[in-house]
Amino acid sequence: MQKSPWIIHYDGSSCNGCDIEVLAALTPMYDVERFGVINTGNPKHADIFLITGSVNEQNKAVIKNIYDQMPNPKVVMAVGICACTGGIFRECYNVLGGPDKVIPVDLYVPGCAARPESIIDGVVKALELWEGKRRKRTGRESIQT
Amino acid sequence: MDTLTLILYVAFAPLLGGLLAGVDRRITARMQGRFGPPILQPFYDVVKLFNKENLVVRRSQTVYIIFFLAFMVFTGGIFYAGEDLLLVIFSLMLANTFLVLAAYKGSSPYSAIGAERELLQIMAYEPMVLFYVVGIYMASKTFYIETIATTQHPMLIRFLPGIFLGFLYVLTIKLRKSPFDLSTSHHGHQEIVKGITTEFTGPSLGLIEITHWYENVLLLGMVSLFFAPNLWLGAGVALAIYLLEIFIDNACARARWQFTVFSSWVVAAVLGFGNILALTLFG
Ligand code: SF4
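Residues numbered from 1 in each chain as written. Chains lettered and ligands numbered in written order. Predicted model: local features only at pLDDT ≥ 70, side-chain atom pairs only at ≥ 80, totals over all residues. Heavy atoms only, no water.

Chemist: Explain the overall build of chain A to me, using residue names and the numbers behind them.
Modeler: Along the backbone of chain A there are four helices and seven strands. Sequence-ordered secondary structure for chain A, helices as α and strands as β, is β-α-β-β-β-α-β-α-β-β-α. Taking 15 Å as the expected radius of gyration for a compact globule of 145 residues, we find that chain A reaches 15 Å, a close match to that expectation. For chain A, the C-alpha atoms occupy an extent of roughly 50 × 35 × 20 Å along the three principal directions. With 145 residues in all, chain A has 52% of them scored as buried. If you take every contact in chain A between residues at least 6 apart in sequence, the share linking residues at least 24 apart comes to 78%. Put simply, chain A shows about 6600 Å² of open surface, and 55% of that area lies on carbon and sulfur atoms. A distance of 8 Å separates the average location of the 16 positive side-chain charges in chain A from that of its 16 negative side-chain charges. (Helix = DSSP H or I, 4+ residues; strand = E, 2+ residues; numbered from the N terminus. Rg over C-alpha atoms; globule rule 2.2 N^0.38 Å. Buried < 20%, exposed > 50% of the residue type's maximum accessible area, 1.4 Å probe, protein only. Contact = heavy atoms within 4.5 Å. Areas by Shrake-Rupley, 256 points an atom, 1.4 Å probe, with all protein chains shown as cover. Lys, Arg positive; Asp, Glu negative; His and termini not counted. Charge placed at Lys NZ, Arg CZ, Asp CG, Glu CD.)

Chemist: Can you tell me about the layout of surface pockets, naming the residues and giving the values?
Modeler: One number sums up the size of the largest pocket: a volume of about 980 Å³. Ile38(A), Arg25(B), His186(B), His187(B) and Lys194(B) are, among the 39 residues lining the largest pocket, the residues nearest its centre. The biggest single contributor to the lining of the largest pocket is helix α8 (residues 202-224) of chain B, with seven residues. Taken together, the residues of the lining of the largest pocket sort by class into 13 nonpolar, 14 polar and twelve charged. Around the second largest pocket, the lining is made up of 20 residues, and of these Leu16(B), Tyr80(B), Ser224(B), Trp232(B) and Ala235(B) lie nearest the centre. Contributing elements (two or more residues each) for the lining of the second largest pocket: α1 (3-31), α3 (60-80), α8 and α9 (231-251) of chain B. In terms of residue count, the dominant contributor to the lining of the second largest pocket is α1(B) (seven residues). Tallied by class, the residues present in the lining of the second largest pocket amount to 17 nonpolar, three polar and no charged. (1 Å grid on protein atoms, 1.4 Å probe; cavity = no way out; pocket = protein on both sides within 12 Å on 5 of 7 lines; lining within 4 Å. Points joined across faces, edges and corners; volume = space filled by probe spheres on them. Nonpolar A, V, L, I, M, F, W, Y, C, P; charged D, E, K, R; others polar.)

Chemist: How would you sum up the packing of aromatic side chains? Please name residues and give values.
Modeler: Taken as a whole, this structure holds 18 aromatic pairs over all chains when the rule is applied. Aromatic pair Phe131(B) and Phe273(B): ring centres 6.1 Å apart, planes at 50 degrees, arrangement tilted. Of this pair, Phe131(B) sits in helix α5 (residues 109-140) while Phe273(B) sits in helix α10 (residues 257-282), and the two are 142 residues apart along the sequence. With relative accessibility at 41%, the residue Phe273(B) sits in the partly exposed group. Between Tyr132(B) and Phe226(B), the aromatic rings sit 5.4 Å apart at their centres with planes inclined by 70 degrees, giving edge-to-face as the arrangement. With a gap of 94 residues between them, Tyr132(B) in helix α5 and Phe226(B) in the loop between α8 and α9 connect regions that are remote in the sequence. Residues Tyr132(B) and Phe226(B) agree in their burial class; the two are buried. In textbook terms, an aromatic cluster arises when at least three aromatic residues are bridged by ring pairs, as seen for Tyr64(B), Phe67(B), Phe71(B), Phe74(B) and Phe98(B). The ring of Tyr67(A) carries Lys74(A) above its face, with NZ or CZ at 4.1 Å from the centroid. Lying over the aromatic face of Phe35(B), Arg26(B) brings its terminal NZ or CZ to 4.9 Å of the ring centre. (Phe/Tyr/Trp six-rings, centres within 6.5 Å; stacked < 30°, edge-to-face > 60°. Lys NZ or Arg CZ within 6 Å of the ring centre and 35° of its normal.)

Chemist: Describe the pairing of strand β3 (residues 48-52) of chain A, naming the residues involved and giving the relevant values.
Modeler: Residue and element names in this part refer to chain A. Burial runs high along β3: five of the five residues are buried. Burial along β3 is two-sided: Ile48, Leu50 and Thr52 and Phe49 and Ile51, pointing in opposite directions, are all buried. Note: strand β1 (residues 6-11) against β3, five bridges, orientation parallel. The partner of Asp11 across the bridge, within β3, is Thr52. One ladder, built from five bridges, connects β3 with strand β5 (residues 75-79); its direction is parallel. (Pairing = 2+ DSSP bridges.)

Chemist: Describe the nonpolar core, listing the residues and the values that go with them.
Modeler: Nonpolar side chains tend to gather and get buried jointly when the protein is soluble and globular. The biggest cluster of nonpolar side chains holds 79 residues, and the ones touching the most others in it are Phe79(B), Tyr132(B), Phe167(B) and Phe226(B). Counting residues per element, this core draws most heavily on α8(B), which supplies twelve residues. Sequence-distant contacts of Phe226(B), that is, excluding residues within four places in its chain, are made with Tyr132(B), Met155(B), Leu156(B), Ile157(B), Leu160(B), Ile163(B), Phe164(B) and Phe167(B). Ranked by size, the runner-up nonpolar core spans 19 residues in total, among them Ile48(A), Val75(A), Ile120(A) and Ala126(A). (Core = buried A, V, L, I, M, F, W, Y, C linked by side-chain atoms within 4.5 Å.)

Chemist: Residue-level account of the pairing of β5(A), with values.
Modeler: All names here are of chain A. Where burial is concerned, most of β5 is hidden: five out of the five residues are buried. Taking every second residue as pointing to the same face, both faces of β5 are buried, with Val75, Met77 and Val79 on one and Val76 and Ala78 on the other. Judged from the three bridges that link them, β5 and strand β7 (residues 107-109) form a sheet pairing that is parallel. Looking across to β7, one finds that Met77 is bridged to Leu107.

Chemist: Please give an account of the pattern of salt bridges that cites residues and values.
Modeler: Tallying each qualifying case throughout the model produces 18 salt bridges over all chains. With its nearest N and O atoms 2.7 Å apart, the salt bridge here joins Lys48(B) to Asp47(A). With Lys48(B) in helix α2 (residues 41-50) and Asp47(A) in the loop between β2 (38-39) and β3, this pair bridges two chains. Asp47(A) matches Lys48(B) in its accessibility class, with the two residues each being buried. For Asp181(B), the salt bridge identified is with Arg254(B), shortest N-O distance 2.9 Å. Taken together, the positions of Asp181(B) in the loop between α7 (161-174) and α8 and Arg254(B) in the loop between α9 and α10 put the pair 73 residues apart, joining distant regions of the chain. Look at Arg254(B) and you get partly exposed, because its relative accessible area is 28%. Through salt bridges with shared partners, a single ionic network connects Asp31(A), Glu33(A), Arg25(B), Arg34(B) and Asp45(B). (Salt bridge = Lys/Arg side-chain N within 4 Å of Asp/Glu carboxyl O.)

Chemist: Account for the packing of helix α4 (residues 85-106) of chain B against α5(B), with residues named and values stated.
Modeler: Residues and elements named next belong to chain B. Look at α4 against α5: their axes get within 10 Å of each other, and the N-to-C directions meet at 175 degrees. The pairing of α4 with α5 is recorded here as roughly antiparallel in orientation. Here the residues of the contact of α4 with α5 are counted per class, giving 18 nonpolar, three polar and three charged. (Axes fitted to C-alpha atoms, helices over the stretch in contact; angles between N-to-C directions. Parallel < 35°, antiparallel > 145°, perpendicular 65-115°, else oblique.)

Right, dumping it as structure tokens:
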């Protein structure tokens, strides 16, 4: 089980509710750095791509670009109901739906807004997925230097 | 100080440096009212990095990083083997130059700005580092670290209080602590993403991390040289100073490069040159 998930957080067209909850997870109250989580602003350093909000015509290229810049193995996590399905913005003329319309999404964290507890739970699940992908990529059973 | 310390340095400096980084992160978290990651977290990070893909803009990037590591180990090696202090300073500069070149190779705006800021940082701390060497020479009459460390003479810091304080000032730049973490910062976000390390992924980022551990142990060694021949006292003071740097890191916002360069030069001129002048006149 890997212990150092570095996250890149991208806000699609969310109402900012989920973003505040994601950032709340970094505060002293929840302190995700306990699990080695770092909220890096750099796709090239990230292991987990955390997306809040729905995807629209404007940001679909951005999401694709961030995804492509992340080195393998990587896990994509959709946080909040907007990122899962489009949520209440689903019917808007410019909204395509969740990020799974553009890139493969591995994990869906529901909630409006998603609670910090469930976001942390999602990250822990993402770690298991990450480990599986790493094994597939390197062919090695356990993590090694 | 001989081959034994050299071997100890090459083998254990990354361990010590990594542990220091872990303690640093834990103390930082506690200062911010958080619990913080495990002490071994930096090692988990590096192990993970070596399991990731090495995504590069240009392949030569990684070559430069390997040189960065090699020259850092070489620099620390000659320091801990008790060789020439002058050589240490100049090969340390060479090692850092390789990091700057690697960042330029990344050719993204962020890593280019990071590289430029790193050059400004080098410009800021280099005068004080040169005064450090001159001061140590004037107080001990030799450049050979082994002779400095083993000959019985009054503690060097008694002649070099100004240079000691000035060196602490630029140590903040070298350790990449706020307010002087312009080119890259070990905290999550920065206005230029990750600055100089932006374009490095996986294994090459891991190598940069390990090189910083080597560098930090070397720098703490340079601090403890002020207390020669009483090196154990020096090591204790160096660790205390590292704690002080963590505190400064958490208490300060990032400064602008103008302030960084100007203030370091003023410190070098007043404390560094002033100390040397005093040694020449009354020494
Ligand atoms: S799920 Fe709710 S809180 Fe989150 S972005 Fe959508 S509307 Fe806002």
